[in-house]
Amino acid sequence: MTTEAGPQSTAEVELAISGMTCASCAARIERKLNKLDGVTATVNYATEKARVSYPAGLDPVDLVGQVEAAGYQAALPAPPKAADETTEPEDDPTLPLRQRLIGAIVLSVPVIALAMVPAWQFTYWQWISLTLAAPVVVWAAWPFHRAAWANLRHGAATMDTLISMGTLAAFGWSLYALLFGTAGTPGMTHPFEFTIERMTGGDAIYLEVAAGVTTFLLAGRYFEARSKRRAGAALRALLELGAKDVAVLRGGTEHRVPVEELAVGDLFVVRPGEKIATDGEVTEGGSAVDMSMLTGESVPVEVGAGDTVPGGAVNAGGRLVVRATRVGADTQLARMAKLVEDAQSGKAAVQRLADRISAVFVPIVIALAVGTLAFWLGSGAATATAFTAAVAVLIIACPCALGLATPTALLVGTGRGAQLGILIKGPEVLESTRVVDTIVLDKTGTVTTGQMELTAVHVADGVDEADALRRAGAVENASEHPIARAIAAAVPGDLPAVRDFTNLAGHGVRGTVDDVEVTVGRAALSGDLPAELAEAKSAAEARGDTAVVVGWDGAARAVLTVADAIKDTSAEAVARFRSLGLTPVLLTGDNETVARTVAAEVGIDEVIAEVLPEDKVAVVRRLQEQGKVVAMVGDGVNDAAALAAADLGLAMGTGTDVAIEAGDLTLVRGDLRVAADAIRLARKTLRTIKGNLFWAFAYNVAALPLAAAGLLNPMLAGAAMALSSVFVVTNSLRLRRFRAADRAQSAA
């Protein structure tokens, strides 16, 4: 879908690209698109998509034409289907490759076996090999030849050029030797050797090389395609999470309609076992809701009237009536999918380096192959020897693994993150996590719950604790004050009725419970405090908590302590940050006493308190000026600017939309431990990318001299090249086993 970017008068579109066979293809399309005035394009080989920003006056069809001019195919996003249209099942893109691979294996195995075992080389065996090898080189290898020809017509050379040249050269030489040399003589045999040998040239055939290389490369391409499909499964699962239809309440009766017809404000019914159709607020009923696919939270969450629920979650308990608050692309599920797709479509700095290298690699390799051929011929070696070395150079050099190193790791890493409730906005985020050394934590809503909770009850001699809390809760239940709601919510069971409720502005509340007048608020409302209650009140206030006095019959009976409670997981999260080499800093607008109390409880040494929202950015920048690389975790509107200013911004998904938009990583759950998991996952993904690149480079650097020296048989070169690509993809797929630290400990 094309989206307008607003004041810059630019638009953005995502093109589906087909016909790419390697990273060089992606680099070429990218260069072609970027030649257009005002166009900025990023082409991803793994996702087969091009994200293009272009001037609003430019017709997107021109972008498609530019891609086609480069020798590839492109398609604009399909319009959304009408509600009554059925969705066609998606074709398996690996099917044509699988068919060619099976045919190649069936035909190549006898050719390779005959060439490798001289004892099996019966009379006219070479002509049988030609008959079997020809379909492999022509039909099975056709995708390579087609791509090479398309590139040649546009004056370009890609990895397919190397493959096509290598296999056709081996087959063509064999055909020449059979028809015009001595290789076609009845009873001719020759051993299968890996070393240089002086030969006349006319008695050597390389049909097993042509067929074997084609088969190995097709196998590599097939497993790459299948692995890329598996790597993107997390995103597809995310997109398919949503409900397809919904029971909307209209005029008091239920009407089953497609979810696309749901509008903000509509009331809809969710029965046990059904998916919640869209983000909304529960207006009626109570239930346990399974949000594990959205948030990674394994335990269903209890919800009731007034609670918000996300679309895609499953109702595990009773009947709910929900009012839709967000629909379509605005829902949490849709935003998660968009963030994941954006991250997978981007490029890290290491990938841009790989793209630049692969763009110049192919011409260099062709020149090296020609130089190898000329060197061996000039040194007096047999033509077959020179030819063998040159073909091996062409085949071993194909940098498929180089092109797959980054995108496959990104696909798997970001997809796994989405499953765990970690949304990585873009691949450049991975670079930041490696060097971050300081993590700044907002207090309210991040380290603490952001909601007032009853933390302690102190009673005078002879007063029952439960009775005091019950009476205070009954009176406070009639008030809307956050402290009052915290006290009322802490009372187990039903609250008694209250008569003659009075709100004493600035002092507290009063009401009659069980024919007794109860006051809740400042100490002055209840008379003098007994020594033990006065001590409890002073201790609470010294910690920065709020102390509320409860009294009846003209005397103070209890002191209730209310505070913004620290999340159960915050202390463990801080310990994990330290284990990752990060120094935690608590940043808050609260007073120093409250901040230091919270910091001491969770294990943070450095506290920056009483900071205005606009000053949070200044704090982050000051730390950066001190040479620190800063990560910031926050959830509120007042954290958005600091999240954007930090080297790495981690937004709590339970917070505001503006904070989520400003962050680089979004943590769907409100659990601070997920921030540590996010940094671990990002670092592990980056390590995987670098490991992939190292092995891809090392493979080419080590193998090219061997091939040029004639020490590497072309068929073994093809097998090694295909295996290197499979290794890179398999190494990336290991990221699917990444676990959150708490789950890893549970499993252990």
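Along each chain, residue indices are assigned from 1 in the same order as the chain's sequence is written. Residues qualify for local features only when their pLDDT is at least 70, as the model is predicted, and side-chain atom pairs are given and counted only at 80 or more; totals for whole chains, interfaces and linings, by contrast, use all residues. For the side-chain quantities, the full set of heavy atoms in the structure was used; hydrogens and water were omitted.

- As annotated in an unreviewed UniProt entry, the protein chain carries the name Cation-transporting P-type ATPase B and is attributed to Amycolatopsis suaedae.
- UniProt positions are given in the numbering used here, feature names are shortened, and annotations may be inferred rather than shown by experiment. Taken from UniProt, the Subcellular location (unreviewed entry) comment for the protein chain reads in full: "Cell membrane".
- UniProt annotates the protein chain under Sequence similarities (unreviewed entry) with the comment "Belongs to the cation transport ATPase (P-type) (TC 3.A.3) family. Type IB subfamily."

### A look at the overall build of the protein chain
At step 1: Helix and strand counts for the protein chain stand at 26 helices and 27 strands.
At step 2: Throughout this description, buried means an accessible area under 20% of the type-specific maximum (1.4 Å probe, protein chains only), exposed means over 50%, and partly exposed covers the range between. Sorting the 748 residues of the protein chain into buried and exposed places 52% on the buried side.
At step 3: Pairs at least 24 residues apart make up 68% of the contacts formed inside the protein chain by residues separated by at least 6 positions. Helix and strand definitions here come from DSSP, where helices need a minimum of 4 consecutive H or I residues and strands a minimum of 2 consecutive E residues; each element is numbered from the N-terminal end. Note on contacts: a residue pair is in contact if any heavy atoms of the two residues lie within 4.5 Å.

### Concerning the environment of A539
At step 1: Inspection of the secondary structure assignment puts A539 in helix α18 (residues 531–542).
At step 2: The exposure class assigned to A539 is partly exposed, which follows from its relative accessible area of 34%.
At step 3: For A539 and T561, which are 22 residues apart along the polypeptide, the C-alpha to C-alpha distance reads 9.9 Å.

### Description of helix α24 (residues 673–708)
At step 1: Between the first and last C-alpha of α24 there are 53 Å, a value that for 36 residues agrees with the 52 Å anticipated at 1.5 Å per step.
At step 2: Taken from the residues just after α24, G710 is the one with a positive phi, measuring 80°. Working rule for helices: expected span equals 1.5 Å times residues minus one.

### Observations regarding the sheet that holds strand β26 (residues 648–652)
At step 1: Any two strands between which DSSP finds at least two bridges are classified as paired. Spatially, the seven strands line up as an open sheet ordered β15-β27-β26-β25-β16-β23-β24, and their pairing is mixed. Both outer strands of the open sheet, β15 (422–424) and β24 (606–608), are each paired with one neighbouring strand and no more. Within the sheet, the average angular offset between the axes of one strand and its neighbour, ignoring direction, is 20°.
At step 2: Sheet topology note: the strand β23 (residues 583–587)/β24 ladder contains three bridges and is parallel. The residue bridging L586 from the neighbouring strand is V607, located in β24.
At step 3: Under this scheme, a helix contributes an axis fitted over its contacting stretch, all axes are lines through C-alpha atoms, and angles between N-to-C directions fall in the 0 to 180 degree range. Across the sheet, helix α21 (residues 616–625) is in contact with β16 (438–442), β23, β24 and β25 (630–634); its angle to β25 comes to roughly 155°.

### Digging into the UniProt feature "transmembrane region" (unreviewed entry) in the protein chain
At step 1: The UniProt record marks residues 101–118, 124–142, 162–184, 204–223, 357–377, 389–412, 693–709 and 715–733 with the feature "transmembrane region" (unreviewed entry), using the residue numbering of this structure.
At step 2: Regarding residues 101–118, the helix share stands at 89% and the strand share at 0%, and the terminal C-alpha atoms are separated by 26 Å.

### As for the pairing of strand β2 (residues 10–18)
At step 1: Here seven bridges tie β2 to strand β4 (residues 49–55), and the two strands are oriented antiparallel to one another. Looking across to β4, one finds that T10 is bridged to P55.

### Considerations on the sheet that holds strand β6 (residues 245–250)
At step 1: Pairing in this open sheet of six strands is antiparallel, and the strands run β7-β6-β8-β14-β9-β12 from one edge to the other. Both edges of this open sheet fall to β7 (253–258) and β12 (308–309), since each of them pairs with a single strand only.
At step 2: Pairing of β6 with strand β8 (residues 267–270), which is carried by three bridges, proceeds in the antiparallel orientation. Within the sheet, the bridge partner assigned to V248 lies in β8 and is F268.

### Overview of the packing of helix α3 (residues 95–116) against helix α4 (residues 125–140)
At step 1: α4 packs onto α3 with a crossing angle of 155° between their chain directions and a minimal axis gap of 9 Å. By the angle class used here, α3 and α4 are roughly antiparallel. Considering only the axes of α3 and α4, their crossing is left-handed. Two secondary-structure elements touch here, α3 through Q99, R100, G103, A104, L107, S108, P110, V111, L114 and A115 and α4 through W125, S129, L132, A133, P135, V136, W139 and A140.
At step 2: Each residue gets one of three labels, nonpolar for Ala, Val, Leu, Ile, Met, Phe, Trp, Tyr, Cys and Pro, charged for Asp, Glu, Lys and Arg, and polar for the others, Gly among them. Partitioning the contact of α3 with α4 into residue classes produces 13 nonpolar, four polar and one charged. What sets the label is the angle itself: under 35 degrees gives roughly parallel, over 145 gives roughly antiparallel, 65 to 115 gives roughly perpendicular, and the rest give oblique. Left-handed describes a crossing in which the near helix is turned anticlockwise from the far one by less than a right angle; the clockwise case is right-handed.

### A closer look at the pattern of salt bridges
Two side chains bearing opposite charge may form a pair once their charged atoms approach each other closely.
At step 1: Here a salt bridge means any side-chain nitrogen of Lys or Arg lying within 4 Å of a carboxyl oxygen belonging to Asp or Glu. Under the defined criterion, the tally for this structure stands at 22 salt bridges.
At step 2: For E12, the salt bridge goes to R51, with nearest N and O atoms at 3.3 Å. Taken together, the positions of E12 in strand β2 and R51 in strand β4 put the pair 39 residues apart, joining distant regions of the chain.
At step 3: Ionic pairing is found between R319 and E254, a salt bridge with its closest N-O pair at 3.6 Å. Linking R319 in the loop between β13 (314–315) and β14 (320–324) with E254 in strand β7, this pair joins segments that are 65 residues apart in sequence.
At step 4: A residue is classified by how much of its surface remains accessible, and E254, at 32% relative accessible area, is partly exposed.
At step 5: One network of salt bridges, in which partners are shared, links E12, E14, K49 and R51.

### Remarks on unusual backbone geometry
At step 1: Unlike most non-glycine residues, D500 shows phi in positive territory, near 55°.
At step 2: The residue D500 is located in strand β18 (residues 499–504) in this model.

### Observations regarding the packing of aromatic side chains
For any pair of aromatic rings, the description consists of the separation of the ring centres together with the inter-plane angle of the planes.
At step 1: Centres within 6.5 Å make a pair out of two Phe, Tyr or Trp rings, where for Trp the six-membered ring is used; the pair is then stacked when the planes are under 30 degrees apart, edge-to-face when over 60, and tilted otherwise. All chains considered together, the criterion is met by three aromatic pairs.
At step 2: Here F375 and W376 contribute two aromatic rings whose centre-to-centre distance is 5.5 Å and whose plane-to-plane angle is 75°, an arrangement assigned as edge-to-face.
At step 3: Taking relative accessible area as the criterion, F375 reaches 54% and is therefore assigned exposed.
At step 4: Overall, W376 belongs to the buried group, its relative accessible area being 13%.
At step 5: Seen from their ring centres, W695 and F727 are 6.3 Å apart, and the 80° between their planes marks the pair as edge-to-face. Of this pair, W695 sits in helix α24 while F727 sits in helix α25 (residues 714–733), and the two are 32 residues apart along the sequence.
At step 6: The exposure class of F727 is partly exposed, given its relative accessible area of 39%.

### Quick look at α4
At step 1: Between its first and last C-alpha, α4 extends 22 Å over 16 residues, near the 22 Å set by a 1.5 Å rise per residue.
At step 2: Take the seven residues that end at a residue and the seven that start at it, fit an axis to each, and the angle between those axes is the bend at that residue. A bend of about 30° at A133 is the largest found in α4, and the proline P135 appears one to four places after it.
At step 3: When we look at burial in α4, the residues that qualify are W125, Q126, S129, L130, A133, V136, V137 and A140.

### So, the environment of I29
At step 1: Structurally, the position occupied by I29 is in helix α1 (residues 23–34).
At step 2: Between the C-alpha atom of I29 and that of T42, which follows or precedes it by 13 residues, the distance is 9.0 Å.
At step 3: The contact partners of I29, leaving out residues within four places of it in the chain, are I17, M20, V43, V67 and Y72.

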